[in-house]
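What the coordinates show
Here's the letter readout for the chains.
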Amino acid sequence: MATTIPVSVLNLAPIRKGQEARQAIDSMVDLAQATEKMGYQRYWIAEHHNTPTLVSSATSILIKHTLEHTNSIRVGSGGVMLPNHSPLVVAEQFGTMATIYPDRLDLGLGRAPGTDMKTANALRRSQYDSVHTFPEDVNALLNYFGPEETQGFVKAYPGVGTNIPIYILGSSTDSAYLAASLGLPYVFASHFAPRYMEEAISIYRERFQPSQYLDKPYMIVCLNVIAAETDEEASLLSTTMHQFFLNVVRGTQSPMQPPVEDLESLWNPMEREMATSMGSVTLMGSKATIREQLASFQDNYHVDEIMAVSYIYDEDKQKRSYEILKEVADGK
């Protein structure tokens, strides 16, 4: 039986080798328009800071820009990193966008700062460790978007009554407990932190409490996808992704690199182990191979939605990768 599942896109808005920041933003919009035409469910943009190879620091501005240049796809944050932001400001920004673009906005929330500690301190909204106020901040946002009669003295205008869907993001098991207790949808970051995926999914499902937002668990897994016409082509294209993770392992700041024939010459065994483990949850290959891999993944995890990151240097090949995934996800 064919596997059918909703699919969405996560974009970190990377700068490719040879691009300037403006071109990277144009590429982000171009991919949103292409995946909207393909019928993707949602298009989320990440938040990262002090990273010269990514342009996703002012996430809400990029979301607004993407909403402006698309018509129907849901656009959201993957995620807004709450330690960096006042919940009221987030509610006002997203409430304003929801007023302009009703029923098209998602708010994914993360508890990590999305950067190094020095930058986190420069971003931090108070001297207290706001990572630990994450549950309270999530509840504040749920309230700000709720009905007029549940509001306190401080309200988000516009924002009240917009009921913007909130998703809890996680890369460890901590957020699984929170998403379950609040009865919210949960998104796991297997695309770079696969180690706790299985445990986090189990915790979320076992502990889920039905709420006004959801009556049963809704599990999204974010993973890497490199789809191409042949397995060999996909393997070559994947060397861009491996170089991306090698960049993270080394703490270097190279833009997204073209594929290379000889990846082994670029890394030592320890770097290879670390980079490949980060990207271990990846669907890679031809359409037939992707179909098998997705079916196997679903046999094991039965997730409700797949969110795909595709680190492919050539933009046409990146779009083709998303096209292949969508066809497979539709059972074609």
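Above this note sits the structure.
Now for a quick tour of the structure.

Parameters at a glance
Residues numbered from 1 in each chain as written. Predicted model: local features only at pLDDT ≥ 70, side-chain atom pairs only at ≥ 80, totals over all residues. Heavy atoms only, no water. Helix = DSSP H or I, 4+ residues; strand = E, 2+ residues; numbered from the N terminus. Rg over C-alpha atoms; globule rule 2.2 N^0.38 Å. Buried < 20%, exposed > 50% of the residue type's maximum accessible area, 1.4 Å probe, protein only. Contact = heavy atoms within 4.5 Å. Areas by Shrake-Rupley, 256 points an atom, 1.4 Å probe, with all protein chains shown as cover. Lys, Arg positive; Asp, Glu negative; His and termini not counted. Charge placed at Lys NZ, Arg CZ, Asp CG, Glu CD. Salt bridge = Lys/Arg side-chain N within 4 Å of Asp/Glu carboxyl O. Expected span 1.5 Å × (residues − 1). Bend = angle between axes of the 7 residues up to and from the residue. Arc of directions from axis to C-beta. Pairing = 2+ DSSP bridges. Right-handed = clockwise from strand over helix to strand, strands pointing away. Phe/Tyr/Trp six-rings, centres within 6.5 Å; stacked < 30°, edge-to-face > 60°. Core = buried A, V, L, I, M, F, W, Y, C linked by side-chain atoms within 4.5 Å. Axes fitted to C-alpha atoms, helices over the stretch in contact; angles between N-to-C directions. Parallel < 35°, antiparallel > 145°, perpendicular 65-115°, else oblique. Left-handed = near helix turned anticlockwise from the far one by under 90°. Nonpolar A, V, L, I, M, F, W, Y, C, P; charged D, E, K, R; others polar.

1. Some details on the overall build of the protein
Each helix and strand in the protein was counted, giving 11 helices and 9 strands. Against the globule reference of 20 Å for 332 residues, the protein gives a C-alpha radius of gyration of 19 Å, in line with a compact fold. Along the first, second and third principal axes, the C-alpha atoms of the protein reach 60 × 45 × 35 Å. The proportion of buried residues among the 332 residues of the protein is 53%. Within the protein, residue pairs in contact and separated by at least 24 positions form 72% of the contacts whose partners lie at least 6 positions apart. Surface exposure of the protein reaches about 14800 Å², of which carbon and sulfur atoms provide 52%. Computing the positive centroid from 26 side-chain charges and the negative centroid from 39, the protein places the two 2 Å apart.

2. Details of the pattern of salt bridges
One pass over the full model with this rule turns up 14 salt bridges. Among the ionic pairs, Glu-233 bridges to Lys-317, the shortest N-O distance being 3.0 Å. Pair noted here: Glu-233 is in helix α8 (residues 231-250) and Lys-317 is in helix α11 (residues 315-329), with a separation of 84 residues, a long-range link. Members of the salt-bridge network, linked through shared partners, are Glu-229, Lys-287, Arg-320, Glu-323 and Glu-327.

3. Quick notes on α8
Taking 1.5 Å of rise per residue, 20 residues should cover 28 Å, and α8 covers 28 Å from first to last C-alpha, within 8% of that figure. The largest bend in α8 amounts to roughly 25 degrees and is located at Leu-237. Of all the residues in α8, the buried ones are Ala-234, Leu-237, Ser-238, Thr-239, Thr-240, Met-241, His-242, Gln-243, Phe-244, Phe-245, Leu-246 and Asn-247. Residues of α8 that are buried in the fold lie against β7 (219-227), α9 (269-278), β8 (282-285) and α11. Just downstream of α8 lies Gly-251, where phi reads positive at about 70 degrees.

4. Observations regarding helix α2 (residues 59-68)
Among the residues of α2, those classed as buried are Thr-59, Ser-60, Leu-62, Ile-63, Thr-66 and Leu-67. The buried residues of α2 all sit within an arc of 160 degrees when viewed along its axis, so they share a single face. Next to the buried residues of α2 lie α1 (21-38), β2 (42-45), β3 (74-81), α3 (87-100) and β4 (105-110).

5. Things to note about the pairing of strand β6 (residues 186-189)
By the alternation rule, side chains of β6 split into Tyr-186 and Phe-188 and Val-187 and Ala-189, which are all buried. Note that strand β5 (residues 166-170) and β6 share 3 bridges and pair parallel. Across the sheet, Leu-169 pairs through a bridge with Val-187, a residue of β6. Since β5 and β6 lie parallel, the crossover through helix α6 (residues 174-182) that links them has a hand, and here it is right-handed. Pairing geometry for β6 and β7, over 4 bridges, is parallel. Directly across from Tyr-186, in β7, lies its bridge partner Met-219.

6. Comments concerning the packing of aromatic side chains
Counted by the stated rule, this structure contains 9 aromatic pairs. Judged by centre distance (5.3 Å) and plane angle (45 degrees), the rings of Tyr-186 and Tyr-204 are tilted. Taken as a pair, Tyr-186 in strand β6 and Tyr-204 in helix α7 (residues 197-207) lie far apart in primary sequence, 18 residues in all. In this structure Tyr-204 comes out as buried when scored by relative accessible area, which is 0%. Both rings, one in Phe-297 and one in Tyr-301, keep their centres 4.8 Å apart while their planes meet at 50 degrees; by these two values the pair is tilted. Remark: Tyr-301 and Phe-297 occur in helix α10 (residues 287-301); sequence separation between them is 4 residues, near one turn of the helix. Considered together, Phe-297 and Tyr-301 belong to a single accessibility category, that of buried residues. Through pairs of rings, three or more aromatic residues link up here, namely Tyr-186, Phe-188, Tyr-204 and Phe-208.

7. Brief notes about the nonpolar core
Judged by nonpolar contacts, the single largest core of 77 residues is most densely connected at Phe-94, Leu-107 and Val-138. A total of 8 residues in this core trace back to one element, the largest contributor, which is α1. Apart from the residues within four sequence positions on either side, Phe-94 is in contact with Ser-60, Ile-63, Ser-77, Val-80, Leu-105, Asp-106, Leu-107, Phe-145 and Ile-164. Core analysis: the second largest hydrophobic core is formed by 27 residues, Cys-222, Ala-228, Met-241 and Tyr-311 among them.

8. Quick look at the packing of α10 against α11
Orientation of α10 relative to α11, taken along the N-to-C sense of each, is 55 degrees, at an axis distance of 10 Å. Considering their axes alone, α10 and α11 lie oblique with respect to each other. Pair α10 / α11 crosses with right-handed handedness. In contact with Lys-287, Ile-290, Arg-291 and Leu-294 of α10, α11 contributes Ile-324, Leu-325, Glu-327, Val-328 and Ala-329. Per-class residue counts for the contact of α10 with α11 are 6 nonpolar, no polar and 3 charged.

9. A closer look at the pairing of β4
Where burial is concerned, most of β4 is hidden: 6 out of the 6 residues are buried. What you see with β4 is no split at all: Leu-105, Leu-107 and Leu-109 on one side and Asp-106, Gly-108 and Gly-110 on the other are buried throughout. Across 6 bridges, the pairing between β3 and β4 is parallel. Bridge pairing in β4 links Gly-78 to Gly-108. For the handedness criterion, the β-α-β arrangement of β3, α3 and β4 is classed as right-handed. Sheet analysis places β4 next to β5, joined by 3 bridges and oriented parallel. Residue pairing across strands places Leu-109 opposite Ile-168, the latter belonging to β5.

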